[in-house]
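Summary of the model geometry
Residues per chain, in single letters:
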Amino acid sequence: MKWFLAFFIFPLLGFSTQVSQTIYLNQGTLVFDNQPCPVYQFNFSTTFDTAEAIIKINTRDTLNLIVKNNLAEAHTIAFENYGEITIAPSSEEIITLFANQKKSIAFYDIEKKFRYVGISSAIIFETPNCAAFLWSLREFDNLLNQEVLKGNNVDFSNYIPNVFTINSITHEALMSNSMAEVKGQVGDSIRIHILNSGLMIHAMHFHGYHVIIESSNKQNEMIGWEKDSFPVDPKELVTVVLIPHQPGMYPVHDHNLKAVTIGGNYPGGMIAMLKIAP
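We now turn to the structure provided with this report. Think of each chain on its own: its residues are numbered from 1, step by step along the sequence as written. Reporting in this predicted model follows two pLDDT cut-offs: at least 70 for local features of residues, and 80 or more for side-chain atom pairs to be given and counted; totals over whole chains, interfaces and linings ignore these cut-offs and use all residues. To get the side-chain values, take all heavy atoms of the structure and skip hydrogens and water.

**Some remarks on the pattern of salt bridges**
Quick reminder of the rule: The salt bridge definition used is simple: a Lys or Arg side-chain nitrogen within 4 Å of an Asp or Glu carboxyl oxygen. Each helix is a run of DSSP H or I of at least 4 residues and each strand a run of E of at least 2, with the numbering of both proceeding from the N terminus. Three exposure classes are used, based on accessible area relative to the maximum for each residue type with a 1.4 Å probe and protein chains only: buried under 20%, partly exposed in between, and exposed over 50%.
Evaluation of the coordinates by the stated rule reveals 7 salt bridges. With a shortest N-O distance of 3.7 Å, Glu80 and Lys218 are connected by a salt bridge. One end of the pair, Glu80, is in the loop between β6 (75-79) and β7 (83-87); the other, Lys218, is in the loop between β16 (211-216) and β17 (226-227), with 138 residues separating them in the sequence. The exposure class of Lys218 is partly exposed, given its relative accessible area of 38%.

Structure (C-alpha cells):
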C-alpha cells in the first residue's frame, strides 16, 4: 500500500529534488542509572541504535520515506494531520511527502502504549544552512516498558515515570548530541522543534533568552508569544525561534523538578544547553 500525502509549493521556490530515506522500526534496550529500559525506536539501520532517527530535509525537496517494520506485530503510524499507514511485520510502506513551507511533521504509533515506548519522531523541513534542532521529550517507567514489550495490558492511571530523556538520552550525554545541543551566534535565527513523545505535559524553561513560538499543532493560541517558559502537551510539536542577543552558555530544562533528575539524583534528565558565541 502507498499513501501519497500531498503538500504544495509555490513556483517561486523553484523545483524540488527527490530524496529517499529509509527508517527502521527496531526493538532494543536503553540503560539509565544502570537500569535496563526496553524500547521500540526508529533508527537509520536494521541494527538498534540508541540514537533516534531524526529526519531533516530541504524545504524544496520531495521526500520518499520508506518505513520498515522489524517488530513482531503490525503498527499503524499517524502522520499528524495528514493520514495513517499500517505496516505489517517484516514489511515496509512508502510515504511520499511533497516539498512545502511547513517546518515539521510529527509521526507516531496510534496506540498509546506503543507511542509511549518509543514509536514517535518528526520530520523537519528547513531551508539550506538554517540552524535547526529537534528535542524529542520522552519519559519512562522502565518496569512498565517491560510489560508493554511482553504484550501485557498496562494501566497508565498510576503512571509514575523514573526516567526522563531528550532524544532518548539524558543530561550529560545531551552535551554531545548534535540535534540537542544548540550552537549558534549572537543574531542568528535558530529554530528548535520540540516534540512531546511522552504522556506528561512538560514545561520547558529557557535561561538567558526568550523565544518566539512560531507554530504548534495543539495550542494555536500560543503562536506569536515571546516567552522563556511554555508547556508542551503530549503529542504536541512546537517550533520556536531563538534570536540570541548575548553570548554565553545557558541551560534549558523542564520546570518539573523530577524531570531533571536521573535515579532521583540531580542533575539529570531533561536538561539541554545553549552555546552562543559572540
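**What about the side chain of Gln219?**
Here is the rule: Polar contact is the term for a pair of N or O atoms within 3.5 Å; when the atoms are in protein, one must be able to donate a hydrogen and the other to accept it, and sequence-neighboring residues count only if both atoms are side-chain atoms. Between two residues, a contact is recorded if the distance between any of their heavy atoms is within 4.5 Å.
For Gln219, the location among the structural elements is in the loop between β16 and β17. Here the side chain of Gln219 touches Glu236 through a polar contact of 2.8 Å, side chain to side chain. Beyond its immediate stretch of four places on either side in the chain, Gln219 contacts Pro231, Asp233 and Glu236.

**Points about the side chain of Thr76**
Here Thr76 shows up in strand β6. Relative accessible area serves as the criterion here: at 17%, Thr76 is assigned to the buried category. In contact with Thr76, other than residues within four places in its own chain, are Glu84, Ile85, Thr86, Tyr108, Asp109 and Ile110.

**Considering the sheet that holds strand β13 (residues 182-185)**
For clarity, the threshold we go by: The pairing criterion is simple: DSSP has to find at least two bridges between the two strands. Axes here mean lines fitted to C-alpha atoms, for a helix over just the part in contact, with angles spanning 0 to 180 degrees between N-to-C directions.
The sheet built from 5 strands is open, its strands ordered β13-β21-β20-β15-β18 with mixed pairing. In this open sheet, the two edge strands, each paired with only one partner strand, are β13 and β18 (229-232). Strand-to-strand twist in this sheet, taken as the mean axis angle between neighbours without regard to direction, amounts to 20°. Here strand β15 (residues 202-206) runs beside strand β20 (residues 248-254); their pairing, made up of 3 bridges, is antiparallel. Pairing of Met204 across the sheet is with Asp254, part of β20.

**Structural notes on the sheet that holds strand β10 (residues 120-126)**
Strands pair in a sheet through their backbones, by hydrogen bonds, and they do so in one of two ways: parallel or antiparallel. Pairing within the open sheet is mixed, and its 5 strands lie in the order β4-β10-β9-β6-β7. For this open sheet the edge positions go to β4 (55-58) and β7, each flanked by a neighbour on one side alone. Pairs of neighbouring strands in the sheet enclose a mean axial angle of 20°, with direction left out of account.

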